[in-house]
Amino acid sequence: MYLNAHSYYSLRYGTLSIEDLVNMAVAAGHKVMALTDINNVSGIFDFLKACEDAGIKPIAGMEFKNGDAQKYTALALDKEGFMEMNEFSSRYLLSHEPFPDRAPAFRKLIIIYPFGHLQGHRLWENEYIGVPISMLNRLINYSLKERERMVFFQPLTFAAPEDYELHRVLRAIDHNSMAGHLRPEAFAAADEYLLSIDGLKMACSGYPELWANAERISERCSFGVDRKTVKNKKTFTGTHYDDRLLLEKLALEGMVYRYGRSNPEARRRVMHELDVITRLGFLSYFLITWDVIRYSMSRGFYHVGRGSGANSIVAYCLRITDVDPIELDLYFERFINPARTSPPDFDIDYSWNDRDDVIDYLFKRYGRKHTALIATISTFKGKSIVRELGKVHGLPKAEIDALVANPPAEKDCDEVALDIFNTGKRIADFPNLRSIHAGGVLISEEPIFAYTALDMPPKGFQTTQFDMYIAEAIGFEKLDILSQRGIGHIQDSVSIIYENTGKRIDVHDIPAFKKDPVIKEQLQRGDTIGCFYVESPAMRGLLKKLRCDNYISLVAASSIIRPGVAKSGMMRAYIERFHRPDSFSYLHPVMEKLLQETYGVMVYQEDVIKVAHHFAGLDLSEADVLRRAMSGKFRGRAEFDRIVEKFFKNCQERGYPETLAKEVWRQIESFSGYSFSKAHSASFAVESYQSLYLKSHYPLEFMTAVINNFGGFYSTWVYVNEARLAGAKIENPCVNTSNYLTRIKGHVIWLGFVHVENLESSLAKNIVEEREQNGPYQSMFDFVTRTGASRDQLIILARIGALRFSGQSKKELLWEAHLHSGNNQKVEEGITLFRSSPKQFTLPELVHTGFEDVFDEMELLGFPVSCTHFDLLKTNWRGGILTAEMPSRIGQTVRVLGNLVTRKYVTTVRKELMIFGTWFDMEGKFFDTTHFPPSLAKYPFSGNGIYLIEAKVVEEFGFPSLEVSRMAKLPFVPDPRYAD
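Just so we're clear, the structure is a prediction, and the values are computed from it rather than from any experiment.

A. Inspection of the pattern of salt bridges at higher detail. Under the definition given, this model contains 55 salt bridges. With its nearest N and O atoms 3.8 Å apart, the salt bridge here joins E388 to K391. Taken together, the positions of E388 and K391, both in helix 13 (residues 382–392) and three residues apart, correspond to about one turn of that helix. The exposure class assigned to E388 is buried, which follows from its relative accessible area of 18%. A relative accessible area of 40% means that K391 is categorised as partly exposed. Taking the shortest distance from any N to any O, the salt bridge between R434 and D455 comes out at 2.6 Å. Taken together, the residues span a long stretch of sequence, with R434 in strand 11 (residues 431–443) and D455 in strand 12 (residues 454–455) at a distance of 21 residues. Accessibility expressed as a relative area gives 25% for R434, which makes it partly exposed. The class of D455 is buried, set by a relative accessible area of 13%.

As structure tokens, this is what we get:
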């Protein structure tokens, strides 16, 4: 019987997984065990399940420590005690205050203090002194009366004596130090390894009263969890009946908004879904999600509802999603059905600027006692293990970097390296840190402390100590409040369009967007830079290959671009079958019936589920397990392996050839970790259409928004180039016109101060605030007086041209900046010296060239504004072909000048490196290149810049690209700022 067992959820301390801990305890004859991880209950529900499966009694507890200093251990008598323990620990974990030396008077907790603590203090009825094996010999000095409040309390931290060193390594990692440099209290005792029940009894045989106390405590403790009932807030209005009435009212009102008053199919589906939602107890979940959407729309926030929730017509009518499930023939049962093995969830995306506001609303609306973000458990993985262990061994950074970059073969390892790699294998996948899930929020009926203690990460929202898998296992449905830059593009575009043109845009008018001929043409051209999910080189190429000009095709493209589909060859198969629909045959007649829309290719999760059910005879619950496995959302393989076995067994019983069954399974397996539901792809496609509309009709305002959201596939200069191609005039920052972020006035885009390297953000914001309050700056003297800019900051502003309003040349401004202030000294300190009369000086004639401005721009902004990169070439040669000429040069070897935009590294089956490149030509138009290993080895990339490329023009499904044979980076003209 162990009343103080640590798992590896005692982070960087424990050495045993929950499974190993319980299995070893059973093998050693134990019938009772308490899990008392340090300052957390992360593993408690896995522990309960493991104990139930193994037939031993679990006790829930926690060991409280301030750093390395142990305070006491709590054991919960029941569920109330568990909640009491979680609420107490959370009070200190959330405030980051130390735990008190003495525990308060708990009602349903047993408190056990370390031996030697609380000497001379009276213990309360629920308090004991814990005595480990190493301290038993000291009890000879204590009377029987004194020993009545003592309990046998041997900790368990590792499996065997030889595992103590692993524990020491973990403690050294935790302290970011070598183990030999730590004090003894940083470690567990060396005897905290597993003993059999008989071994423990024998060790305590001299003090049977301590063993009896341990048994009495274990008998009093009882804790379990109902995993079948939903743990979320049960009602929105206060009663299930009123919840149903409200949801029905909202859904039917929304149905009129979405479909008009006469759509019997929509009404039939709405009523069917309402019945299922009611029967399965998800009324409040839908209403809470609607409440979030209602709040965010009232604030003017834009959102995208995605994931399997978009299968629901009720969600569509509530404006949770903008995906029409009737149009796409989406099945509500993919989202909720009685056979699902896990609860559903909604994924709601907001702009990265708005997400925290929405989460804050949830906490304030439903209360901090009932609301928490979900944690995620980061584990020790890969190269990070080598780095951590290298520091433990005291290796210098250079040696650690070398081990990470080029790990030696085992036979070539020295003693230290061998120990690092061997220990690394042992701690791989151990929990390392608790952090925050991407956006999962729980809203509970019972206080959240009934299930977990809470942490307070730097984000500022309290967080559970368990992850999404545990949340689902015990009956929570999470609400995912996520963020992405794409929504920021859309939301900011609408505001900028109104500010610049006076026009109000409804970006939720998706039906109109789908019919827009301008968007159709734009999709076919792959003119999608800046548009959510469709701007990458691979996606632009795919759109051209599929001649994509409609929503349905874009939904498919959004799914088949996923890595798993592409790697399996199914993406190519889909494209080939799209172009030649009569050139293939279905694997089986069942496939023709199920996959006609996608030419026999499994594109969506729904396709895989249908094939597993109708082709292989798996039931819907098994198909759901398969779906979750494809998404990487399952924790154990036992159930999955059983389903795989049943898949092949059923295929055999149905008389399918083995080769057919293996090919179908290969296609299913290719989706692992990358698959999308059709509704998910449809949601992404809706957002893509919103971006496409804004770009096609308001390209300058849209690109301004993209630049200001600092997110996308490409760097800022690529989006600036895109704006210039669309007709914008690009201006460097100006203190009298620019804002902190980039702005547009008419057709002129003024770059924001945020883009200027080394310009202090406080000064940049102050420039704008001072100008808005007191008017434009009249001179450099006026500017310095009002902003207090230091000399270094003035020099930066002068070099980028931000002081050009003064009419002075750049070199005159630089001279004046040096005269106005001392080195790195704020001007305020000397304002009184020149306020009354600025210094007068006469400069000789100063020579200035345009190239100096360009090189200043490249240094301070990262790209040229006054000209293009091509204007900087040392050579005057501008021959070769342009992107527009490539379709007429298929099969020919050509030369082209290209400005490198981005590259993608790929490893071939032979483990050789090849690269896919994306470039601008001299007109600013994109083209793509392939660099096979032989060419790449002879002609490697040497950083960003302009290259002369010799290549063969090839074509795939109407999409031209270049197969590079040779290339060389071309030099720029010398920087005139440093010319002799």
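Let us keep going from here.
B. Region of interest: the confidence of the model for the chain. Per-residue pLDDT for the chain averages 90, and the proportion of residues at 70 or more is 94%. Mean pLDDT per element in the chain: helix 36 (residues 831–834) is the minimum at 41, and strand 17 (residues 748–750) is the maximum at 98. The low-confidence segment residues 822–836, where pLDDT is below 50, has 23 contacts with residues more than four positions distant or belonging to other chains.

C. Structural view of unusual backbone geometry. If you check the backbone angles, R12 has positive phi at about 60° while not being a glycine. Tracing the sequence through the fold places R12 in the loop between strand 1 (2–5) and helix 1 (18–27). Since its relative accessible area comes to 12%, R12 is described here as buried. Its identity is not glycine, yet R319 carries a phi of approximately 65°, on the positive side. Of note, R319 is situated in the loop between helix 11 (313–317) and strand 9 (346–351).

D. Examining the sheet that holds strand 22 (residues 959–969) more closely. If you walk around this closed barrel you meet the five strands as 18-19-20-22-21, and the pairing is mixed. Ignoring which end each strand starts from, the neighbouring axes of this sheet average 50° apart. Sheet topology note: the strand 18 (residues 893–907)/strand 19 (residues 913–920) ladder contains eight bridges and is antiparallel. Following the sheet pairing, L900 is matched in strand 19 by W919.

E. Representation of the pairing of strand 9. Summarising burial for strand 9: six of the six residues are buried, a large majority. Two strands pair when backbone bridges link them, and strand 8 (residues 303–306) and strand 9 are joined in this way by four bridges, in the antiparallel orientation. The partner of R306 across the bridge, within strand 9, is D347. Bridge count for strand 9 against strand 14 (residues 479–484) is six bridges, and the pairing is parallel. When the sheet's bridge partners are listed, F346 is paired in strand 14 with L479.

F. Summary view of the sheet that holds strand 16 (residues 743–745). What the three strands build is an open sheet, ordered 15-17-16; its pairing is mixed. Two strands lie at the open edges of the sheet, namely strand 15 (729–731) and strand 16, each paired on one side alone. Neighbouring strand axes in the sheet, compared pairwise and without regard to direction, differ in orientation by 25° on average. On top of the sheet, helix 30 (residues 699–709) reaches strand 16 and strand 17; it is set at about 160° to strand 16, its chief contact.

G. Quick peek at a negative patch on the surface. Together, E399, D414, E415 and D419 give the surface a local cluster of negative charge. Tracing the sequence through the fold places E415 in helix 15 (residues 415–427). Overall, E415 belongs to the exposed group, its relative accessible area being 71%.

H. Examining the packing of helix 30 against helix 31 (residues 716–725) more closely. Viewed as axis vectors pointing N to C, helix 30 and helix 31 meet at an angle of 170°, and their least axial separation amounts to 9 Å. With respect to helix 31, the element helix 30 is oriented roughly antiparallel. Residues L700, M703, V706 and I707 of helix 30 lie in contact with helix 31, whose contacting residues are T716, Y719, V720, E722 and A723.

Conventions we followed
- Residues numbered from 1 in each chain as written.
- Predicted model: local features only at pLDDT ≥ 70, side-chain atom pairs only at ≥ 80, totals over all residues.
- Heavy atoms only, no water.
- Salt bridge = Lys/Arg side-chain N within 4 Å of Asp/Glu carboxyl O.
- Helix = DSSP H or I, 4+ residues; strand = E, 2+ residues; numbered from the N terminus.
- Buried < 20%, exposed > 50% of the residue type's maximum accessible area, 1.4 Å probe, protein only.
- pLDDT = per-residue confidence, 0-100.
- Contact = heavy atoms within 4.5 Å.
- Pairing = 2+ DSSP bridges.
- Axes fitted to C-alpha atoms, helices over the stretch in contact; angles between N-to-C directions.
- Patch = residues over 30% accessible without salt bridge, like charges linked within 9 Å, V, L, I, M, F, W, Y side chains within 5 Å.
- Areas by Shrake-Rupley, 256 points an atom, 1.4 Å probe, with all protein chains shown as cover.
- Lys, Arg positive; Asp, Glu negative; His and termini not counted.
- Charge placed at Lys NZ, Arg CZ, Asp CG, Glu CD.
- Parallel < 35°, antiparallel > 145°, perpendicular 65-115°, else oblique.

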